[in-house]
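Listed below, chain by chain, are the residues.
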2 protein chains.
Amino acid sequence: MNYPNKKIISKVLCSKSNRGMSLEYAINESNKYYLANNIAVIYKKPVPIQVVDVLYPSRNKTVITKAYYKTPSTTDYNGIYKGNYIDFEAKETSSSTSFPLSNIHLHQITHLKKIAEHGGIGFLIFFFKSYNEYYLIPLKIINEFWNNNQNTRKSIPYVYIKEKAFPIKEGYNPRLDYIKVIREKLI
Amino acid sequence: MNYPNKKIISKVLCSKSNRGMSLEYAINESNKYYLANNIAVIYKKPVPIQVVDVLYPSRNKTVITKAYYKTPSTTDYNGIYKGNYIDFEAKETSSSTSFPLSNIHLHQITHLKKIAEHGGIGFLIFFFKSYNEYYLIPLKIINEFWNNNQNTRKSIPYVYIKEKAFPIKEGYNPRLDYIKVIREKLI
């Protein structure tokens, strides 16, 4: 492969995505458990990608040769639990003092608010890697910090989350029993 | 770009995907109308793609240089309407006599059945291009034909659909008022 002035650095990408893998993996495994045990039907949405060019090297195989990542319109996860529409975004931080809101898009918060208006259950899951702690964050906590100033990137102090948000217990199966929190705190 | 033994035939792909565009476009436009008028929050899920290689030609731009289409785990559309979880797949046919079930995956039907079990509303939208007619197909109609023999690819006769399924009126805005059918027939 001759790409004289470009570098294929997929190894770097792999290590980058592995950093975020544990949270996504834990949620996906929990969702498999919920599905297999008929508790809830919740899936991660695919990452939106804009396909530009494709090849057909053989009859049944399409190879995408040029594409770009698009900004997601909504959140990462949605589904149903006991007739309730469930919708959430999951994020993690290495910080031990606060959770930065910088990687949450305004349109994602707007989307979660709309879900709540229409009778669904919308929230965020935050993972503090330094403490190995997971929290279910109700929308009202996000609103308190987000509404202060939309243009300034805010963060939510760890101590505030520890006091006000709902911890999600990490276990063997399900790995992250966030449905338990929904059942006990949100319904 | 030197690809001596491969052909870039994205033009063919474009015309191929345009054939399916009208139905997807009509549903997406309807969903925009529902969202803008605060009637329902329903989105098309992104097409799942397995990314293999990427390049970083500049700091903020990732170019995907090798990727493959994956089989979707679930259906194309989901969301919420008046607290109800909504989930559906949309398909079209050029046939004037029947609707082939060949391009609906068994796991999609299994998924829609699970949605119904958990209290959600699952269905299909069929578009007969020869008649320019759209129908909302309740799961029970699919089951009647699907359960006969899972290994044989079945089709549902047009006359049966015309008699038993619910027509969706095509209009200016929303283009396809399938929420009206849900409201009048499924809730």
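Let us look at the interface of chain A and chain B. Every contact between the two is made by 48 residues of chain A and, on the other side, 48 residues of chain B. Carbon and sulfur atoms make up 68% of the surface buried where chain A meets chain B, a total of about 4,300 Å² over both sides. Taken together, the links from chain A to chain B amount to zero salt bridges. For the pair chain A and chain B, the interface holds 11 residue pairs in polar contact (both at pLDDT 80 or more).

What follows covers the relation of the copies chain A and chain B. You can overlay chain A on chain B at an RMSD of 0.0 Å; the transform is a turn of 180° with a shift of 0.0 Å along its axis. The symmetry that links the two subunits is that of a two-fold axis. The fraction of interface residues of chain A whose copies in chain B are also interface residues reaches 100%, indicating that both copies meet through the same surface.

On to the packing of helix H3 (residues 106-117) of chain B against helix H4 (residues 139-146) of chain B. Residue and element names in this part refer to chain B. Their axes nearest at 11 Å, the elements H3 and H4 cross at an angle of 135°. In this view, H3 runs oblique relative to H4, as classed from their interaxial angle. Here the hand of the crossing between H3 and H4 comes out left-handed. Of H4, the residues touching H3 (which contributes Leu-106, Ile-109, Leu-112, Lys-113 and Ala-116) are Leu-139, Ile-142, Asn-143 and Trp-146. Classifying every residue of the contact of H3 with H4 gives seven nonpolar, one polar and one charged.

All right, on to the sheet that holds strand S2 (residues 49-58) of chain A then. Consider a sheet: its strands pair through backbone hydrogen bonds, and that pairing is either parallel or antiparallel. With antiparallel pairing, the four strands of this open sheet are ordered in space as S2(A)-S3(A)-S3(B)-S2(B). Of all the strands in the sheet, the pair left with one neighbour each is S2 of chain A together with strand S2 (49-58) of chain B. Strand after strand, the sheet turns through a mean of 20° between neighbouring axes, direction not considered. Alignment of S2(A) against strand S3 (residues 61-69) of chain A, held across seven bridges, turns out to be antiparallel. Following the sheet pairing, Asp53(A) is matched in S3(A) by Lys66(A).

Parameters and conventions
- Along each chain, numbering runs from 1 in the same order as the chain's sequence is written.
- Whichever chain is written first becomes A and whichever ligand is written first becomes 1, with later ones labelled in order.
- Whole-chain, interface and lining totals are the exception, using all residues; otherwise, since this is a predicted model, local features are given only for residues with pLDDT of at least 70 and side-chain atom pairs are given and counted only at 80 or more.
- Side-chain figures throughout are based on the complete set of non-hydrogen atoms in the structure, without hydrogens or water.
- The contact criterion used is simple: two residues touch if any of their non-hydrogen atoms lie within 4.5 Å.
- The term buried area refers to how much accessible surface (probe radius 1.4 Å) is lost by two components on association, counted for both of them together.
- Take a side-chain nitrogen of Lys or Arg and a carboxyl oxygen of Asp or Glu: if they are within 4 Å of each other, that pair is a salt bridge.
- Identification of polar contacts relies on pairs of N or O atoms within 3.5 Å, with a donor-acceptor requirement for protein atoms, meaning one able to donate a hydrogen and the other able to accept it, and with residues adjacent in sequence counted only if both atoms are side-chain atoms.
- When the copies are overlaid, the least-squares fit takes in C-alpha atoms only where the residue has pLDDT of at least 70 in both copies.
- Convention adopted: a line fitted to C-alpha atoms gives each axis, helices being fitted over their contacting stretch, and angles between N-to-C directions are expressed from 0 to 180 degrees.
- Secondary structure is summarised from DSSP: a helix means a run of H or I of at least four residues, a strand means a run of E of at least two, and numbering begins at the N terminus for each.
- Comment on the angle field: the value is read as roughly parallel under 35 degrees, roughly antiparallel over 145, roughly perpendicular from 65 to 115, and oblique elsewhere.
- Working rule for handedness: look at the near helix, and if it is turned counterclockwise from the far one by less than a right angle, call the crossing left-handed; if clockwise, right-handed.
- Classification convention: Asp, Glu, Lys, Arg as charged; Ala, Val, Leu, Ile, Met, Phe, Trp, Tyr, Cys, Pro as nonpolar; all other residues, Gly among them, as polar.
- Two strands pair if DSSP finds at least two bridges between them.

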